[in-house]
Every structure is written in C-alpha cells, then in structure tokens.
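# Tertiary structure, described
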Number of protein chains: 2
Amino acid sequence: MSEKFVYLFSEGNASMRNLLGGKGANLAEMTGLGMPVPQGFTITTEACTQYYDDGEKINEQIQAEILEYIGKLEGITGKKFGDTENPLLVSVRSGARASMPGMMDTILNLGLNETVVGTFAQKTGNPRFAYDSYRRFIQMYSDVVMEVGKKFFEELIDDLKEKRGVTQDTDLTADDLKLLAEQFKAEYKNKIGADFPSDPKEQLFGAIKAVFRSWDNPRAIYYRRMNDIPYSWGTAVNVQEMVFGNTGDTSGTGVAFSRDPSTGEKGLYGEYLMNAQGEDVVAGVRTPLTIDQLKDQNPVVYDQFVAIVNKLEEHYRDMQDMEFTIEDGKLFMLQTRNGKRTAAAALKIACDLVDEGMIDEKGAVKMIDPRTLDALLHPQFDTASLKNAKVIGTGLPASPGAACGQVVFTAEDATEWATKKGADVILARLETSPEDIEGMHYAKGILTVRGGMTSHAAVVARGMGTCCVSGLGAIKINEAAKQFELGGNVYKEGDWISLDGSTGNVYGEAIKTVPASISGYFERLMSWADKYRTMNVRTNADTPTDAAQALAFGAEGIGLCRTEHMFFEADRIAAIREMIVSETVEQRKAALAKILPIQQGDFEGIYEAMNGFPITIRLLDPPLHEFLPTDEDDITALAKEMNIPLDTLKSKIASLHEFNPMMGHRGCRLDVTYPEIGEMQTEAIIMAAINVQKRHPEWDIVPEIMVPLVGERKELAFVKNIITTTADKLIAASGVALKYKVGTMIEIPRAAVTADEIAQEAEFFSFGTNDLTQMTFGFSRDDAGSFLDSYYETKIYENDPFAKLDQDGVGKLVKYAVKLGREARPDIKLGICGEHGGDPSTVEFCYEIGLHYVSCSPFRVPIARLAAAQAALKAAE
Amino acid sequence: MSEKFVYLFSEGNASMRNLLGGKGANLAEMTGLGMPVPQGFTITTEACTQYYDDGEKINEQIQAEILEYIGKLEGITGKKFGDTENPLLVSVRSGARASMPGMMDTILNLGLNETVVGTFAQKTGNPRFAYDSYRRFIQMYSDVVMEVGKKFFEELIDDLKEKRGVTQDTDLTADDLKLLAEQFKAEYKNKIGADFPSDPKEQLFGAIKAVFRSWDNPRAIYYRRMNDIPYSWGTAVNVQEMVFGNTGDTSGTGVAFSRDPSTGEKGLYGEYLMNAQGEDVVAGVRTPLTIDQLKDQNPVVYDQFVAIVNKLEEHYRDMQDMEFTIEDGKLFMLQTRNGKRTAAAALKIACDLVDEGMIDEKGAVKMIDPRTLDALLHPQFDTASLKNAKVIGTGLPASPGAACGQVVFTAEDATEWATKKGADVILARLETSPEDIEGMHYAKGILTVRGGMTSHAAVVARGMGTCCVSGLGAIKINEAAKQFELGGNVYKEGDWISLDGSTGNVYGEAIKTVPASISGYFERLMSWADKYRTMNVRTNADTPTDAAQALAFGAEGIGLCRTEHMFFEADRIAAIREMIVSETVEQRKAALAKILPIQQGDFEGIYEAMNGFPITIRLLDPPLHEFLPTDEDDITALAKEMNIPLDTLKSKIASLHEFNPMMGHRGCRLDVTYPEIGEMQTEAIIMAAINVQKRHPEWDIVPEIMVPLVGERKELAFVKNIITTTADKLIAASGVALKYKVGTMIEIPRAAVTADEIAQEAEFFSFGTNDLTQMTFGFSRDDAGSFLDSYYETKIYENDPFAKLDQDGVGKLVKYAVKLGREARPDIKLGICGEHGGDPSTVEFCYEIGLHYVSCSPFRVPIARLAAAQAALKAAE
C-alpha cells in the first residue's frame, strides 16, 4: 500500500496527473503559478483503487490522513470545520486522469449544519444566501451520497412556491429557505431512516465515498468504454475551500474557453452569471451573459481573467476550458483543463498554435485524437436537431455517420425512390443479400434486423462509407407489408427515420444532417502526420470506386482486396452459383471459365485505380453456401434458371449446410478441395497485372496473392503450388517479366503458433485480426452480442475486442507470430488487415511490434495515418 | 545428402530398422545369426525420401551406388545380371520401418529376358518352370511398374486354356507358357507403346521406382493414417537373390507363426505349398498344408525350421511371423518379423512370455498396443462372417464396436421391439435428441444421418459403450415411412443391418458378432501396467451407471462430469425448458428451483458410485437453444405444455438462434449472464457432497467445480465468486467441514496464452482439447468432414487432429499453458478431459509435459492406463 494518499494543492503539479487526476493536478499547477485558487487538497487515485481493494471501504490509514489534511487546510484558511466562529465550507469533486465531463458527482457547501448555517448567515450578513446554500447542500448530499432522488426535494420547492404564490426560486425568502431546509431534512429522515448528518467530518467521508462510488456508476462505465479509459485508473477527489458566486451582485460564476470549441476561432469564448452558483449556469434557468460583457461589468476582474487565460494557454500550449467564480468582486480560478472541441476546431487550433509559434508540427500532430477525424469524413447529425430526438432502438454501429431518409423495404424500391423521386431513403431489411447491392448504393443509410459487424450489410456499407445500423433484433419487420414495428410504434414505407451508424441509434423521425467537410487544416495536419509517420497505411478495398476513395484519403496500397464481394454482383452471381452446384470438376471448370474474364476485369480496374501502388488480393474466403439463396422462392427460381431439378438443388444446398460456418469449409480449404478455383483466381490476378503493366510501363506491378485461413505450412505449400504453377506458365507466355508474391493471412491461432514453419512458404503475413480475435476468444462476432453487454457491466471486458485489439491475448499471439516469422524469414513483409487496422491504439501496437503497414477501410485511412504518426513520435521521445 | 544409401544384408542388423526398414533389418539380423537367407542388399528409407525430394527421381549418386551393390551381389552369388551362363535373378520388395502388410508392391524373378530364360530353362532342366517364371515376371512388372492392369494378362491365360481345353494353369505346357510370355510382351507394347525392357538393370531401376512410388499409393496413405505412421519415414527396398519354391516337388514355400496369432496358443502355426511361389499360397487356388505336415514330408527341413523358429523367438523375444522357401530340398528364410495378432492373443502371449522367462513384466506392458484393447471391450464382427459382407455406406466412427440388428426408426420402437419381442435392434434416426435416451439404451447400435463425433448420439453412445455410426449424410431417411434409402437400396423397418462403430461402415445385412470378453490375461497385464504407471487415469462420466462402468475398468476418479447430459432426461427437460424461456430472473429462479433437487440427486448418485474417488463437475456448457425443440410440432406441444403463446415461444427460440453455436452464448458465459444458474448448480454439487460425506465419513469428498470456456481471468473470478459465495454459505450451515476446489477448462486459445493470469484464480486446469483443437485449427468438428478427406489425400494432415492431439500446434499451446500455469501456481492440478485423453500418443504427450491425470470415456480407461504405463517406462529408459 502507498505511504501517502493525500496532497495539498501546493504539494502537487501538472505532471502528477496520474496520481492527482486532471483537475487536482491542474489546481496544483495553477497554485504553483500563483493564480488565485481556493486552497484544498487532493485524495489520490490510488486511494480510490485502495477503496475498491478494501471492499468499498476507506481504510483507517486513509481516513487518518484525510483528517490530518483537513487540519492543514484549516491552518491555511484560518477556518475550522463545524466552527461557530469561522466555519470551513468545502466542495468535494471528482477528478479522474482523463477528463470525463459530467460523468461523476460533485457536492458543494459541505460543512454546513443547523448551527454553522446560523454563523454563516451572520458572518455573510446574507441569511437568504446562507439558507439557500444549506438547502442546496442537503439536496445535493441526499441525492449524490444517499441516492434519495432529486424529485422529492423539487416537489417540496414547488409546493412552497405555490403556497407563497411565486414562480422563481429567487422569490423565496430566507425564512422560506430555512423552512425548506427543515422540510428537506425531514424528507431525508423519512427516506433514509436516520437524521441528516450534522458532523462535517461525517459529511466529508460520505461525500468522498460517493465520489469513489461514482467511478463505478453505469454512466462512467459506458463513458470509459467509449473512450478507452481503464477501470484500474480510479478517480481522485478534490476537497477545496468553497468560494461563492451567489453572495450578491458583485459575485458570479462562469465557464470560458480560450478559443471557440466549435470552430477553433481564437478569442475568449464563454458565459457567466452574476449572483449564481455553478449549477445555475448549467441548469439554464437564467440566461447567462457572454464573457465579453464582463469587460463592462467589472473591467478589473475581466483584465485579470484575460491575463490568466493567456498565461494558462501559454503555459499549457493548448486551448483551455476554465471555470471561475467571483466572490464579492474577487476572482477565483476553480479549474482549467485542455478544452474539448469539435474535430474541425481541433484541426484549426492545432494549425493556429503552430502558426503562433506555441507548438511545433509534431506537437500539432500529437494534439489531435485520431478517432475524432471520423466525424469530418461522414455526414453527422446537426447538434441542435438531435437535441430532443428520441431513440427508438439501438443496433450495432456497423458503419459510421448519420443518415436521415424515408424508409423503404426492398433494394428495388430504394433505387426507384432515389432515382425517380429523388428521395433520400433508408433501406430496412431483415438482412441484405448480394442482390441488394444497387439499392444499398442509392440508400443514405441501411438498417438490418440480423447480422453483426461483419455481415454483408456492414462490410459493404463500410466500404461505401454509407451509414449502417445492423443486428437490431428488437425490430419486427414485415417486408411483405412494407412496415416495421419498433418500440410499440409502426413505421410504414415512406415514414421518416434517422440512423446513427456511429452509435447504432435509430430515431423514428427526420433529423437534419450536416455533410462531411474536409478543410485545408485537415490537409495541412495530415501532411505533417505523413512527415513523421514511418509505417505505411493501406486500405481494404474491393472495387475501383473504393480504391479511388481510399487513394484520395491517402492510402498507399491495398492491404486486403476481398475477391468474394465482386462475386455478389448481379452479372456474375449466376456463374458463381453454377460453379457451386457443379457435380464434377469439368462442370466446375466450365462455370469458372465464365467468371474468369469478369474477375480479371475487376482486377484490372482496381490496378488502374491504384496508380501503381501495391495490392494484396486475397483468394476466395467465405463458405460457398453464402452465395446460394435461402428463400424458398429464390431457390425455385434458381433451379429454373439453372435448369436443374428443384430437389437436386435443395439437396445440394442442404449438403452445404454448416453447423458453424465461421469454422467450416472456407478460405484456403476451398482451394484444397477445388484447386480449380485457385487456378482461376490466380489466372485472373496475373493476367490483369500483365495487361495493366503493359499499359503502364512506368508502374512496377507486383501482385501480392494472399491465401486465407491457413493453419499449417503444408496447407499453404499446397495452395502456393497451385498459384505458382498457374502464374509461372502465364508469365512465361506473356513476355512480361512480372514478379509476384505469395503470402498468407495469419488469422487462425494455429498459424500464429506455427508462424516459423508457415514463413518458410509465405513471403508476407497479413494479420487477419477479425477472425483471429474470434478464434482466440472462442466467440463469433455475430453471436457475442447476446452476452457482451453482461461482460461490460461486470467489467470482465472493458473494451469491445473487435474494435480495439486485445493486446493481452490476441496481441500476444500476433507478437509471437511476428517473432517466429522473422526468425524464419528476416525480410518477411508484415501487415494487419483486420478492422482493428483503423483503431488508433491498435495502430500504435502494430507500430511497436514492427509491422510494415496497417490496412483499414477507406474512411479510416486518415485515422490510421494520424495514429501511425503519433506512434512514431511517441516512440522517438 | 547422406553418403551411403545401400547396405548388404551382411552390413546391417536389427537395430537399423529406421534406415533399412523392418524387412531389411531382419534379413540382415538373420544373416548375422547365420541363418540360411538368400543374400542381397537394402536400399535405405533415406533413398526413398531423397527420391521424393528430387521430384520422384533416383539421382545419379544413388543409381551408381545401386549398380555397385549389384556388382557386390554378383560377387557373393557368383551369378551375373543378364548372364547367359549363370544369370542372377532377384526379387524387389518394399520394407518400411513399421510393418504395412500388403500395402506396398513386390516384383519377383527380375533379371529374366528372352535370352536369360533360355539359359535358365537349360540350367534348371525345367523349361516349364523357366517360362512360367518369365511370364509371371512380365505380368507382375507390367502391373506393378507400368500399371497396365492384371486383367489383360488374365484374359490371355484364360483364352489359351480354353484353346487347349484345360482348366488349371498347371496344365499349360512349357511351350504354352513361352507363347504366353510372347503374347504378354505384345500386350505390353500395345499398352505402353514401347518394348518390354530386356536389360535387367533397366528392369531393376523400374522396379525400385515402383516400390518408392507405392509408398504414396492410396492404400498406403490410408493405412498410415489409420496406424499413425508418418509419411516422412519412407520405405526401404530389398533386392534379394531369388530362390524358387516352384522348381518341382522337392520345392515349396510357406508362412508360419511361432504362436497362434488368433489365440496366442504356443506352438508352430502356419501353412505351406509344395511346388509353388509365394503368390500361389496367397491366391488360395490350391489348398495349403498345415506346417505340421512338413514333419512327414521333409523331417530334416522341418527340424531345421523348428530350430530356426525357436532361435528367432528367443532372439526377438516375441512371437515371430516368418516366410520361408524350400528350393530343391534346401530351406531359405525370406522374412521374419514380430507377428500381428489379435488383442486377446497379444495379452496371452505377453503373459506366457513372462511366465517362460523370456521377458519381464515391463516388457509385457510395452509389448501391447493399447489401441487394440478396444476390441476386447466391445462386441466385434466375427471375422469369417465379415469376409464377404458389402459396405453400403460409411459414416463417422462415432462409438466403437460392432452391432447387428433389425432397423427401427423411433426410440419408442427400439424399446418396444427390444423389450416385448426380445429383438436385437439398430436405431436409425435423422439425429437423436434427449427424448431418445431410453430407446438408445435398448438399441444394439445407433445410426444417424446428421451430427458429428460430438453430437448427442455420439457422446451418449460412447458413454454407454454402444456402437454408433453418425453423420452418414449419404442416407435418405424417411422416419414417417419407417424406411431409408442407401446405395440405391431401400431398407424397411425390421430389415437386418450391421454397423461397425470403429470404422463407420454400414452393412445391409446381418453379420454375426462376437461379444466383448475380458480374460484373466487382461487383468494380469493391467495390474502390471498400474504398477509402472505414475500418471492417474480418470474418466468422463455423467451418470452413476457410466461411473460404475469406468470404475470397473480401473478409473481413479471422474475428470469430467458434464451436467448438461442429465438435463436431457425426460423427467427434467420440462423444467430446463421452463428455465430457458423465462423472461425474468424470478421466473428463471423458480424453474431452477425445480431442477435443483433432481440435479443434486444425480450428483449424490455419482458420488456414491465413485467410492470416494475425486470428481470434477463441469458447470453447464452448451448453448441453451440445444435444449429446445426445433420441430414445428414439438414447439407447438411445448407451448401448450408451458402454457405460453406459440408466437412468444417461437420468437424466444428465434432470439436464441446463433450463427456459430460453437462460438456462442455457452459455457461460463451463461453464468455471467444468468448467475442464478451457477448458484443452483453449485448448491446441487455442494449439498450432494455434504450428504454423501455424512453417509460415508470414511471418504474424503472434495468437490472439484470446473468452470467451462474461460478466456479471461476476470471472467473466472466472476464465476468463482458466485460459486464460493454460494458454497461457503451452505457449508457453514451444514456443520460439515467440506473442502472444495474451483478450477477451469483450458479450451479457448486465449485461456492458454493467458494461463498465468487464469491460474491466479484456478486451483486446477483441465485441458479441453476438443474445443481447443477446434478453436486452434479454426474448424468445427461437425463441419470439417466436408474437407478433411482432401487434406488426408493431399497429405496436408496425416492424422485426424480430433483423434490424435496435434502436438505441433494445439500441443504447443497446451505446453505453454502448463508452463505459465505452473509459474503462477506451482501446485496447480493439471489434467486433460478431451477425447484425446484416451489416445495413446496423446497420453504419452500428457505424461511428458507433466500432467497429473488424463480423463477419457469409460471404455477407453484401460487404453489410457496401458498407454500411461508405457509412457512412464519409455521415460525411465
């Protein structure tokens, strides 16, 4: 156990953020800078951890230390806890390492009791203020510490106001407030079964415990998960002498930013209220003044504040978000921190700070949270319009961005409404299938009942950059009747709904969206990022359109081109199905011969789009039954189309059924059983490369052929032999000295642990962390939804392992495979092509273990570029 | 590359088996013992490997060396290849490290051509013999080396016999045979397009290549897989001077065993034919004489042979299987090897050899192949009856043994036919379900269309020791019409069929079976095994009956008691289903309260049956939907029974649907989402233990509660907390000082790589190698059938990883987990409870990595005991 759990503000500084929390460290720093800060002390984050280790108890050592510091604070302020002469009143506030605004609890005016309030009234000469402070304290303490609930107290206030015939709280007199305080205490006793504590020390420990507890409330748990903050960090608690903005007209309180947090414009930005406490500003009952108005109202304080703001920005070299209070004309700083800002503002501020000479380019690159870039690349909801919108259901956040449109239930309708009526449409489906591609393309957003983050809808939508919410199981969809039921309401074709693909939220109304907007600041910052970045960023793209999009976002190649998505398009699915239902090798080869020119054309298009950048093409991966229809009518139609008996087709489909398709006949297993598939795909790749190389002699095309789902060296050797035999013959015949590489996905645990053997055959590894995560954890992404929430609630998992790479487990396998692979083949090329490739923490991990590139969906390329630059800068420090 | 690829018989000995193959090493050994062996040389197994490494070519170094040894052999014999005076004729035979009888090819009489045959006829004074040898050589060479096919030659012989008006080959004259040889050569030229080679050296290299090639023929591949022989071993080739058993009436050839291979009875056992070559004995055209008859026919040779047999058995200290030839009254030994024998014979021979002082107990233990014990524990087909039976289909060998009975199609019929009519029945089902338990119990064998080696049918059948063939997809079953179609035939209720659960073969007829029989020899050998064994053997048992069976087979505890199998029984499935469809915690608890006393009763029964041995009980593992009906009628019935609307039940069932149930909501994930399930199961276990402990104060009951499917320390900590909270309360209230342990399965790759963390919570690990193999390879056992055959054919896999633990991949993870687990908790208890626990090579692996026990199904306990003893003896050497 630590020796010291409490620090005076004068004992700390900004570098002690991990121990003191952000708020505590900054209060200490401002104290050190000689700024007017009400004094106090910080109970460390380690005390919070200790509290939980001790079974949610503050142990005796820490209790004693807190009391010792109360003594010190009494010495500093000359006031005394519970004193009838000069009582000490304090605020108790949480303060974690990372800012979690509004996530945890605060208690003000602590130290008041029925005796002290009298002294306080007398001393301030303002009984109304004293009793108002007292009733606020009782209310806040009851709510936060004892969880009585605010509404009982609000009702008492309303009752009294009605009785007195007034409408504003401010119209209540000191006596009214004194009465209210008594009523509040009676209500407290009624609810809790004990008297409201009058001993300030008892109040203090109650409040501290409440702050510790608030670290573990559902809001905080959710916020941490969303923002990747570990549970183990804990929160600090700040106990600070109260200053009052509500003692009269020369007092006030406010918040301000050193620059505009929405736009990044330079200049003070904020608001304040005279004769008010912080909660009044937040509550919005009275309209606050803008910070400029303070200039007229109290120029001395204003100038003092501006000087402090400038000094703080200079000191922290970042935009500051500050809280201040004016007590009887005297300015106090209650908080400063680096301000939250929109993505657009973040870019402008970073660039401006560079131009102002406050930071250098590296500093600017480090300043931007890569995840926020997403908001710049996709449409988002207009904040004002979103404010009162009601969420009617939440599915999986399958593809980011916001969309608003009229709901339609078939892909044909989506196309028709969009092209003929010019309507914005949302396509709602039980699940999407290959035939829906065109309609999906025209839809503003896609909503599905079934399917996870890797379902057809999700993967296709992400590639197109279209918003998608998938797996919304709560919906009851009736595609025939063209309507769905959700949350007790029925939505018919043409009704307006809105989707948020970044959260999974669905709204039963139209919400205005604002389009994606990339500014010059974006380009400027990304160019700095690229300067310091050493790891390449590629993209996962399956079509020339996706490839061009990714190139525009700065991709330096394709890390994963999935050949199967091409199979789904209408003009080829018939041949694919013919191939699948073939009974003999000859039939299969005949069907493959029809697919060959189409697939070769696709590859040529992608090579052309990629301007000579390298492209890794993966051989067919999904189980074949994914390409066959499941619906009775569709099966009948297919039988007719293919001219085979319905029963034969049905029994073929039945024979392809798998209990666990994820772990079935797919990936390179298809090439082992049907080598002719690998032959055809190799031919398509090599011939495309030869043709494009001929057309563009200035490019150096080196196809990278990737074998999926390998688990054993001999398996890769077998498929590699199919590839090289086919390729070498074609190359020899072509007269073009084309080189190519054969490598593999590492996505099966066995491949990771035998990577040294596999590297004997593979010229490159690409870590397929989607499947590797599924196999390593032993749960499928599509099924985990039914229990993952319980895992977050119980804190077994703090993150979604499909979004952020699990470095302790899956990452251990990746690291091991890198080590083994390099031992066997020192120049092996290493990359990652799972969805994790666009997650900043995973990008940093990939950099640390020495991968050559990450590959992610086109819209995540900028995120990966920035994250890779930050990882390089961090490592250089 | 090796320096030396060829050894004269006089250069080798029995210890060089790996290099010279079994046959070559033993010919060398016999040569060294001064026995009459026709001389020759052995081309090593390394030459075979080199042949494949060189792209199926015999390289120049090896060619030169072979020619050099031909020269040496000419020196030894005084004969010369292709010589017109004294021509050298040789046989060319394969000989692998492990005996693979009949798997590879042999060529006799090599060295003959149209010139040599004349000399040979003259020299032997027996033109008929010479030309017969010649035409046999042409036929054999054409078939084996050039793959022309025997039937063309057989037709020519038949034509000539018809022309000559004779029926026996022996009725053909020397001239006839000379003519045939000419016709054969013409046929050869016709088929191959080239003259039959007359150069003996060309013949020799052709023959050697054919033997090398035969290492890779489908028969050999299959045999290796069945017998766990690595492809990399290769085969040696033996080139040996010909001796002839067919020169006349003083010549002959035969095979003999030093003891009866069926029963193990001591004494010469074998047969021979005078004036014949080896193939005549095998062909069975003439009835051979028993070896005893040689005593009268040629007492000198007989005595000489008996002396050799005794000397060989003494020398090898094992029963010998020998081939010999008598040429003009002179005895030659052509082969000796340890003879194949039945399991019963193996036990008797081992015991007899100990009694005779030939070997010690350890030697006896090492002598028995543990896998053969299976045949003693289950009924088997009568060998004679099986001989001409036709396989009509092959499914998965789901539970070993043989069964013969009248086919029925419902469990009720199985019960009825068996109990009322006293019939032997085979139960054929699309798939079995919990309700079928009783009928399965009465059936002699079980046949299912769907489901793999871990399906309900397979697991239940193995537990009961009943023969089962599962996953026979080729069958078309019509349960309503009570018939099935297979291989073009229809089998109706009451028709006789037979199943071989050890091979998966199904026969459309009645085949006599012989019952399981455990002899005194078995008990004696197992007692020796137990004496030298250090690792414990437990069993996987879910019922008192299974537990008692396993105890009788020598189990020392239960390593895996699956609580879910109890759930399937008729008297409890209703409550289970009620629990599953519960919408609230209260409903679920109410249903669980009904299950509690039943489950507690089950556990008490098992504790009673196990006589105080330790029992590891696993918490509920399968996904809940497994307990719900899938059939429309059954769902309707259930809705009625449970008094809930059909739609509600259907949507509940739909909501439980999983894409990949293997990777879904199961194992400890159930306890995380529904802690009340873990509470109920803990209560059932602890209360059962307390009650049994009270009844048997002489026992020391320490329940081992096993949490399945753990992938993360915190997950185990969460479930452990449920267990300890529940258990401690019950124990405190009981007044019995019961101790218990909490541990986990290691069956998820992530658990293996984070085993150090998990060991902080787990008092024991049990490696669940079924799931661990599935997750590590990334394929599910139930689906892998569709591609595994291709993997065997292409030699990517040489073994079924579900039968024999994959030591290179899965084993690496197991080893790593053992290391990490021991680092974190040095006294951690380690075992294995996957199906692999009964596989001898896996048992040896488990011993090597220091596991404390293996656990397997009751009928494999003796196998595991013996394998564990062998592993200990091997390690001690």
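Right above here is the structure, for reference.
Residues numbered from 1 in each chain as written. Chains lettered and ligands numbered in written order. Predicted model: local features only at pLDDT ≥ 70, side-chain atom pairs only at ≥ 80, totals over all residues. Heavy atoms only, no water.

Before going further, it helps to spend a moment on the overall build of chain A. Counting its secondary structure elements, chain A contains 36 helices and 31 strands. Viewed in the frame of its principal axes, chain A has a C-alpha envelope of about 100 × 60 × 50 Å. The buried share of chain A, reckoned over its 877 residues, is 59%. Long-range contacts, defined here as pairs at least 24 residues apart, represent 68% of the contacts in chain A between residues at least 6 apart. For chain A, the accessible area works out to roughly 33500 Å², and carbon and sulfur atoms hold 49% of it. (Helix = DSSP H or I, 4+ residues; strand = E, 2+ residues; numbered from the N terminus. Buried < 20%, exposed > 50% of the residue type's maximum accessible area, 1.4 Å probe, protein only. Contact = heavy atoms within 4.5 Å. Areas by Shrake-Rupley, 256 points an atom, 1.4 Å probe, with all protein chains shown as cover.)

Attention now moves to the sheet that holds strand β28 (residues 741-746) of chain A. All names here are of chain A. Taken in spatial order, the eight strands close into a barrel running β24-β25-β26-β27-β28-β29-β30-β31, and their pairing is parallel. For this sheet, the mean inter-axis angle between neighbouring strands, taken without regard to orientation, is 25 degrees. Examined bridge by bridge, strand β24 (residues 536-540) and strand β31 (residues 853-856) share four bridges and lie parallel to one another. Pairing of V537 across the sheet is with V854, part of β31. (Pairing = 2+ DSSP bridges. Axes fitted to C-alpha atoms, helices over the stretch in contact; angles between N-to-C directions.)

Counting 289 residues, the largest nonpolar core has F765 and F767 of chain A together with F765 and F767 of chain B as its most contacted members. Discounting residues that sit within four places of it in the chain, F765 of chain A has contacts with T744, I746, A755, I758, A759, A817, G821, I828, K829, L830 and G831 of chain A. (Core = buried A, V, L, I, M, F, W, Y, C linked by side-chain atoms within 4.5 Å.)

Here the focus is the interface of chain B and chain A. Contacts between chain B and chain A engage 48 residues on the former and 48 residues on the latter. Carbon and sulfur atoms make up 59% of the area that chain B and chain A hide from each other, which totals about 4300 Å². One can count four salt bridges joining chain B with chain A. A salt bridge links K714 of chain A to E798 of chain B, with the shortest nitrogen-to-oxygen separation between them at 3.5 Å. At the boundary of chain B and chain A, one finds 22 residue pairs in polar contact (both at pLDDT 80 or more). Elements represented by at least two residues in the side of chain B that touches chain A include exactly α27 (668-673), α29 (713-734), α30 (749-753), α32 (769-777), α33 (785-793) and α34 (810-824) of chain B. (Buried area = accessible area lost by both parts, 1.4 Å probe. Salt bridge = Lys/Arg side-chain N within 4 Å of Asp/Glu carboxyl O. Polar contact = N/O pair within 3.5 Å; in protein donor to acceptor, adjacent residues only side chain to side chain.)

Right, let's get into empty space enclosed by the protein. By the definition in use, this model includes five cavities of 30 Å³ or more. The space that makes up the largest cavity amounts to roughly 80 Å³. Per-element tally for the lining of the largest cavity: the top contributor is helix α19 (residues 456-464) of chain B, with three residues. Tallied by class, residues from the lining of the largest cavity come to three nonpolar, four polar and three charged. Its volume calculated, the second largest cavity comes out at about 70 Å³. If you trace the second largest cavity, you find it lined by I221, R224, R225, I229, Y231, Y792, K795, Y797 and E798 of chain A. The biggest single contributor to the lining of the second largest cavity is helix α9 (residues 218-227) of chain A, with three residues. For the lining of the second largest cavity, the class distribution of residues is five nonpolar, no polar and four charged. (1 Å grid on protein atoms, 1.4 Å probe; cavity = no way out; pocket = protein on both sides within 12 Å on 5 of 7 lines; lining within 4 Å. Points joined across faces, edges and corners; volume = space filled by probe spheres on them. Nonpolar A, V, L, I, M, F, W, Y, C, P; charged D, E, K, R; others polar.)

Residue and element names in this part refer to chain B. Within the open sheet, the eight strands sit side by side as β12-β22-β21-β14-β15-β16-β17-β13. Their pairing is mixed. Strands at the two margins of the open sheet, each flanked by one partner only, are β12 (391-394) and β13 (396-399). In this sheet, adjacent strand axes meet at a mean angle of 30 degrees when their direction is disregarded. Where strand β16 (residues 445-448) and strand β17 (residues 467-470) come together, three bridges link them in parallel fashion. Following the sheet pairing, I446 is matched in β17 by C468. Running over the sheet, α19 touches β13, β16 and β17 and is turned about 45 degrees from β13.

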